Amino acid sequence: MFLTRFRVNTARAGARRLLSSPQLLHGAVMASFAEPPQSNPSAASGSAPRVLWRIDHNSRSEVLLYLVGPQRPDLTHLVEQAGWPTTGGWQTFDYGAFLAGIAAGSTFAFRLTANPVHSIRRNPDEPTKRTAHLTQRHQAAWLLKQQQRSGFTVVEKAPERRLLPEGDEHELVVHRQQAVSFGKNDRVKAGRRTVSLVTATYDGRLRVTDPDALRRTLTAGLGKAKAYGCGLMTLAPVRG
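Residues numbered from 1 in each chain as written. Predicted model: local features only at pLDDT ≥ 70, side-chain atom pairs only at ≥ 80, totals over all residues. Heavy atoms only, no water.

The next thing to look at is helix α2 (residues 22-30). Along α2, the residues classified as buried are P22, L25, A28 and V29. Projected down its long axis, α2 carries its buried residues within an arc of 120°, all on one side. (Buried < 20%, exposed > 50% of the residue type's maximum accessible area, 1.4 Å probe, protein only. Helix = DSSP H or I, 4+ residues; strand = E, 2+ residues; numbered from the N terminus. Arc of directions from axis to C-beta.)

Dropping the structure here:
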């Protein structure tokens, strides 16, 4: 597995065009591989390593693309279209050693952009319909529901550090909620359809409860819409 970081030059028209469409960015990410990475057909559904990516808007001038996948990518086309062709580049790291070192009880800072959804039906005769969570409270609750099967628990705050009587129990911040719509070619209907997503970015601290499950989360993604920049969780050591 490899983890890649690429800084986007937001002053360029090509970069702004890519950032405006998850569909275009998905195509650019997949074009980074000479041979498209193949999923393991014998693996359980959703558990095999795959290509994941995420855009981090750290500031107006610092926008980063993170990419995780089973093969080393070549981002030359992205440098030419959305980077600094003469002075820029990208950094790719061997992710395997980091993944292998994850141990139960370890604590990390994390970031995740996800598509928090749930399935509802208005009456028993209707099929279920996938619906986005729209409030920070429900989006946070969605992530907390993923903890056990995903191999981690979000660290709880000490009671004296909680600023609210309810809803501030965890070291978790939900921000950058976005409603995104874009066109996508529909092979079945031989036309284009509109895809609409709600995304949210999560920052916080987690404690590892099941290293193998967390490794699957980091390499196979969390939640829906993984092709469109959702599901990639990254970790960083906690200082101090």
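Structure's up, so let's keep going.
Right, let's get into the packing of aromatic side chains. Tallied over the entire structure, the rule returns five aromatic pairs. Judged by centre distance (5.8 Å) and plane angle (5°), the rings of Y95 and F98 are stacked. Look at F98 and you get partly exposed, because its relative accessible area is 26%. Ring plane angle 40° and centroid distance 6.4 Å describe the contact between F110 and F152, whose orientation is recorded as tilted. You can see F110 sitting in strand β5 (residues 107-114) and its partner F152 sitting in strand β8 (residues 152-154), a full 42 residues away along the chain. (Phe/Tyr/Trp six-rings, centres within 6.5 Å; stacked < 30°, edge-to-face > 60°.)

On to the pattern of salt bridges, then. One pass over the full model with this rule turns up eight salt bridges. Put simply, E156 and R162 hold a salt bridge, and the shortest N to O gap is 3.9 Å. The partly exposed category is assigned to R162, whose relative accessible area is 30%. A salt bridge links R161 to E171; the shortest N-O distance between them is 3.1 Å. With R161 in the loop between β8 and β9 (172-186) and E171 in the loop between β8 and β9, this residue pair connects regions lying 10 residues apart in the sequence. Of the residues examined, E171 reaches a relative accessible area of 14% and is grouped as buried. Among the ionic contacts, a cluster of salt bridges with common partners joins R54, D56, R111 and D203. (Salt bridge = Lys/Arg side-chain N within 4 Å of Asp/Glu carboxyl O.)

In this section: the nonpolar core. Judged by nonpolar contacts, the single largest core of 29 residues is most densely connected at F110, L143, Y202, L206, L214, M233 and L235. Breaking this core down by element, the ones donating at least two residues are β3 (63-69), β5, α5 (136-150), β8, β9, β10 (191-208), α6 (211-220) and β11 (233-237). In contact with M233, other than residues within four places in its own chain, are R54, Y95, F110, R111, L112, F152, L206, L214, L218 and L222. Residues V29, F33, W53 and L65 belong to the second largest nonpolar core, which totals 18 residues. (Core = buried A, V, L, I, M, F, W, Y, C linked by side-chain atoms within 4.5 Å. Contact = heavy atoms within 4.5 Å.)

Okay, unusual backbone geometry next. Here the phi dihedral of R176 falls at roughly 50°; this positive angle occurs in a residue that is not glycine. Residue placement: R176 occurs in strand β9. By relative accessible area, which is 34% here, R176 ends up partly exposed. One non-glycine residue, A225, lies in positive phi territory at about 60°.

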